[in-house]
Amino acid sequence: MGAKACARPGGPVNASKMKSFRTTDVVDVVVVGTGAGGAPVMATLAEAGLSVVALEAGRWWDPAAEFAADEVRMSELYWLDERISAGETPTAFGGNNSGTGVGGSMLHWGAYAPRADERDLKLRTDSGVGFDFPLSYADLVPLYEEVERFMGVSGPTPYPWDPARRYPLGPIALNAPAEAMQRGFEALGIATAPAPIAAVSARYTQPGYAERQPCVGCGFCHQGCVFNGAKGSMDVTWLPRALTAGAEIRANSFVHGIELDGRGQVEAVIYRCNGQDVRQRCKAVFLCAGAVETPRLLLHTGLANSSGQVGRNFMAHVATQVWGTFEPEMRMNKGFPASLITEEMMRPQDADFVGGYLVQPLGVVPVTFARQVARGRGLWGEELVNYLDQYNHIGGIGMNGDCLPYDENFLELSGEIDPRDGIGMQKPLIHFSYGENESRMSVHGAKLMTAAWKAAGATDVWTFERSAHTIGTCRMGVDPGSNVVDAFGRSHDVPNLWISDNSTFPAALAANPALTIMALALRSARQFLATGRA
Amino acid sequence: MLHAVVKGTGRPGDVSLVLMHFLGGSGREWDEVIALLEKDYRTIALDMPGFGGSAEMPGYSVEQMADAVESLVGSLRLGRYVLVGHSMSGKVAAVVARRFADRMKGSASDGQGTGPGSIHAERLDGLKGLILIAPSPPEPEPMGEEKRTNMLAALGEEKHGDRARARAYITKNEERDIAPEVLERAVNEVLKMKRAAWVAWLERGSKEDWAERVGILDLPALVVAGDKDRSLGPEQQRATTMKHLAHAELRIVPGCSHLVPMERPGELAGMLREFVDGLGTANTSVPAEYRLLIDSDRVSPQTRAVLEERMAGPRSTTVLDAMQILTLRAVCERLVPQRAGSEIDLAGTIAARLASGKGDGWRYAVLPEDSDAYRHALNKLAESGFERMSDEAKDECLRELTQNKASAEARWFEELRGDATTAYMSHPATYARIGYSGIGVGGANTPQQGFVAISTGEVEPWEPKPAQDRVVR
């Protein structure tokens, strides 16, 4: 009964003919989470003929009928089960980096889709700190190309920092903050280019889904795309493909148990749906719940942690922003929120830190912006009201910078019980403090962006320090003694347990993570097909 | 300041009731009525100079009583309210209403701005109606000299048998139908009164002639009288009080005498409720032009539904108690100053969010769960008397919270700023104020979609312009 009740499809995914497995079936693979890590795995495995059941904690959404152009209303797309944030520079969760619903946090991702910088994958080799990825950029290139082609990434060809790169669609139009960044960096003699964006700049036909319509520049990417698949979220890309190939998605299904057989292999997954526990038998499981929920589930179940590394090495990007007021109207809610990029700061010559950062313009819708002003700039009273009155004249610019892993930055179970469904799981407690490297990088970026903003004509310029994305916590690496999974995402302890999400990243990489998560998901799924069923 | 008991919270934009009492009584005469109203309304039951909790206060003339009422009302910053006068205080209420009417006429030509700076001018506009219960009229009260002499002799001077005489005064020799416990309480209140106040009213206040000064008041009014009231019943009211009110209804309570609040609390509470509800809730002033945008096909039905719900205001909840809500409201007033009478209900929105149990997905480790963090912090502010502080003292008190950035106090204050600003910024009134066009992007199934003109300085013809001039830093 449980499985049926939870499988109530809707939305853009043509799921009326969705396959339905029985809980007594021993399915080939259970995938936990339907975001950037899970959706490509589902499509790849289902297309190879495997029986795939995906368990998604969130609900089905029908964007056309349900999404509103409203930030408060759309906060339902965020993962709102409480997380506890500690450390010197506690990082924000919820809307900052975590989502829920069929499609995961990709429902509200910004679709900023740069590839990782080759040097970021081997930071330890180059600079002696952090950890290298146990794979090379050459391993990733064909996967990146495949993902970009399938998703219809829009961007400039040639790409200034990688002339060989070809994007399937031309760039997305620049809005006012992007123009200001272009102006500001030009004055500083620093190159910029339209950014790689996983939203389609023209009609795009895609297997498993109807024709995707070009982005109309509504500016609400972070609140869910309502416009007929313009933005490449999972529900209009990998999930339709997976369903067409026979995968099943069960929504409102929160996984809280994993059962092993006598040989120490996963034989079933336990999830709560409509207040009842359901047990799905399976031959293998892919955990794709993100860098907070994946380690939380492993710590809760006590599995796959002989290395003691589950939850360790939590990282978040240095995502400092600079804001300013311009004389002409900016109306930064209009157009794609971030449509420009510079990769010139990936290894700045005057850097007093290792690694580097990307810079992007920021168009932020008013409530999110006002919250930042009240919390981050600390304004209140008439100063606050007067400043918010300038909304139509304000524009921002932000960095996304590498972050090193540190022993004191980790996720653990808090001891405080989460009320969800009466399951009794503990809320996660995340410790996060910038080290010297992050602080220096933030200062470097703030200085550069302030100069660019002033050169672009901004006044009343201020800096907002923040961190973004959740990375690390189940590191991949060759040595089973110090890593949770191998170079393909397979657990060193439980051979039929795999992880595909950004918990496996040994390093944060300066690039926004989603494109790399999808590329690595394809790599994991193919490795599973090649070797995993032995 | 007059002694006053504040009950209930109401919501910004709602009408508060300022309840005043008869000669020899106190705010306690309203206890039963308040119990029926406090869930939905903010009530302020005050004691006039020389009576109840204000027994030690001097100033018994009509003029002085009006001063005292005005000063109390001003200090409470009620927003919209009605004055409810009973018998003696009915005369005072009419005088206060006249003063406010005159001042409004004076300030109307001052060219009021709409920015935070004009908040104080706006406060004059708070009086929305007048309710008079068996009032002593603006003109000298019709009272025989014999009755006056008997009353003067009956009470006030300490002498044996006071309690019996006080009881007789309240019950009028069993003519009045008052519950025993209410009667005992009323007798106790009579015995608290200063004789000087009693004498002042009987010998002078009741005889003062304010008829010409009060003139005709054109605010909404309700006059209530018991048909057994021989001195200030329906006939006397028609002949006197009603002539001063341009828009008044006279309602008669059958079988009731002069002490309506204690004799017929249920009926009277119903009448007050009806009158106040008829005044409506203050609109949080979403300008007509912006409403047209909301109703246009630029806004998707889903978006419109959200905006309409928000304009209707938050539902009241019980997650915070009255004192906590009042404190939260006082804090929000400092965080996000707004025009009095057209405020967005920031505190109510926060309380509704807390009651829903929905947070923003995380909290600082130094804080407990949201509702507990709020209760704890608001209780501390309430203990320090935050609500009654001057604006400067309030700001100082809030600044102190931020001293140690990583402390629980500072983190809570950061959360609060975020919550209050979210409630403010997400309201259509603010969208209109800043000229925000994002609601107009349409939806998947609407004819208008997204933006075409997105370059610097480009504005599409339909995009709203700010309703508020920018104050450039």
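Structure: above.
Okay, so let's go over this structure. (Residues numbered from 1 in each chain as written. Chains lettered and ligands numbered in written order. Predicted model: local features only at pLDDT ≥ 70, side-chain atom pairs only at ≥ 80, totals over all residues.)

## Observations regarding the overall build of chain B
Next up, step 1: Along the backbone of chain B there are 20 helices and 8 strands.
Next up, step 2: Expressed along its principal axes, the backbone C-alpha trace of chain B runs to roughly 85 × 50 × 40 Å.
Next up, step 3: Considering chain B as a whole, with its 473 residues, one finds that 48% of them fall into the buried category.
Next up, step 4: Here the analysis covers contacts within chain B between residues at least 6 apart in sequence; of these, 80% occur between residues at least 24 apart. (Helix = DSSP H or I, 4+ residues; strand = E, 2+ residues; numbered from the N terminus. Buried ≥ 20, exposed ≤ 12 C-beta atoms within 10 Å, placed from the backbone. Contact = placed C-beta atoms within 7 Å.)

## Quick notes on helix α14 (residues 301-312) of chain B
Next up, step 1: An ideal rise of 1.5 Å per residue puts 16 Å on 12 residues; α14(B) measures up with 16 Å between its terminal C-alpha atoms.
Next up, step 2: Buried residues along α14(B) sit against α3 (63-66) of chain A together with α13 (288-295) and α20 (428-434) of chain B.
Next up, step 3: Count one or two residues on from α14(B) and you reach B:Gly313, which has phi positive near 90°. (Expected span 1.5 Å × (residues − 1).)

## Some details on the interface of chain B and chain A
Next up, step 1: The interface of chain B with chain A comprises 48 residues on the first partner and 63 residues on the second.
Next up, step 2: Counting only elements with at least two residues in the side of chain B that touches chain A, the list comes to α14, α15 (322-335), β8 (362-364), α19 (408-425) and α20 of chain B.
Next up, step 3: Examining the composition of the side of chain B that touches chain A, we find that 6 residues originate from one element, α19(B), more than from any other.
Next up, step 4: Within the side of chain B that touches chain A, the residues separate by chemical class into 19 nonpolar, 20 polar and 9 charged.
Next up, step 5: Two strands pair when backbone bridges link them, and strand β3 (residues 83-86) of chain A and β8(B) are joined in this way by 3 bridges, in the parallel orientation. Among the inter-strand pairings, A:Ser85 is bridged to a residue of β8(B), identified as B:Tyr364. (Nonpolar A, V, L, I, M, F, W, Y, C, P; charged D, E, K, R; others polar. Pairing = 2+ DSSP bridges.)

## Looking at the nonpolar core
Next up, step 1: Ranked by size, the top nonpolar core spans 234 residues in total, and within it A:Val29, A:Met42, A:Val52, A:Ala242 and A:Val285 carry the most contacts.
Next up, step 2: If you tally residues by element for this core, the top one is helix α12 (residues 514-532) of chain A, at 10 residues.
Next up, step 3: Not counting chain neighbours up to four residues away, the residues in contact with A:Ala242 comprise A:Ala39, A:Met42, A:Ala43, A:Ala46, A:Val52 and A:Ala247.
Next up, step 4: Judged by nonpolar contacts, the second largest core, of 79 residues, contains B:Val33, B:Ile133, B:Ile170 and B:Leu232. (Core = buried A, V, L, I, M, F, W, Y, C linked by C-beta atoms within 7 Å.)

## Let's talk about unusual backbone geometry
Next up, step 1: Of note, the bond from A:Thr157 into A:Pro158 is cis; its omega dihedral lies within 30 degrees of zero at 0°.
Next up, step 2: Here A:Pro158 lies in the loop between α5 (137-151) and α6 (176-188).
Next up, step 3: Positioned with a positive phi, A:Asn228 is a non-glycine residue whose angle comes to about 50°.
Next up, step 4: Looking at the secondary structure, you find A:Asn228 in the loop between β6 (209-212) and α7 (238-244).
Next up, step 5: For A:Asn228, a count of 21 C-beta atoms within 10 Å corresponds to the buried category.
Next up, step 6: Within the chain, B:Ser87 stands out as a residue other than glycine whose phi angle is a positive 55°.
Next up, step 7: Within the fold, B:Ser87 resides in the loop between β4 (80-86) and α3 (88-108).
Next up, step 8: Overall, the presence of 27 C-beta atoms within 10 Å leaves B:Ser87 in the buried class.

## Section: the packing of helix α6 (residues 162-171) of chain B against helix α7 (residues 180-192) of chain B
Residue and element names in this part refer to chain B.
Next up, step 1: It is at 9 Å that the axes of α6 and α7 come closest, and there the two elements cross at 115°. Considering only the axes of α6 and α7, their crossing is right-handed. Contacts between α6 and α7 pair Asp162, Arg163, Ala166, Arg167, Tyr169, Ile170 and Thr171 from the former with Leu183, Ala186, Val187, Val190 and Leu191 from the latter.
Next up, step 2: Residue composition of the contact of α6 with α7, grouped by class: 8 nonpolar, 1 polar and 3 charged. (Axes fitted to C-alpha atoms, helices over the stretch in contact; angles between N-to-C directions. Left-handed = near helix turned anticlockwise from the far one by under 90°.)

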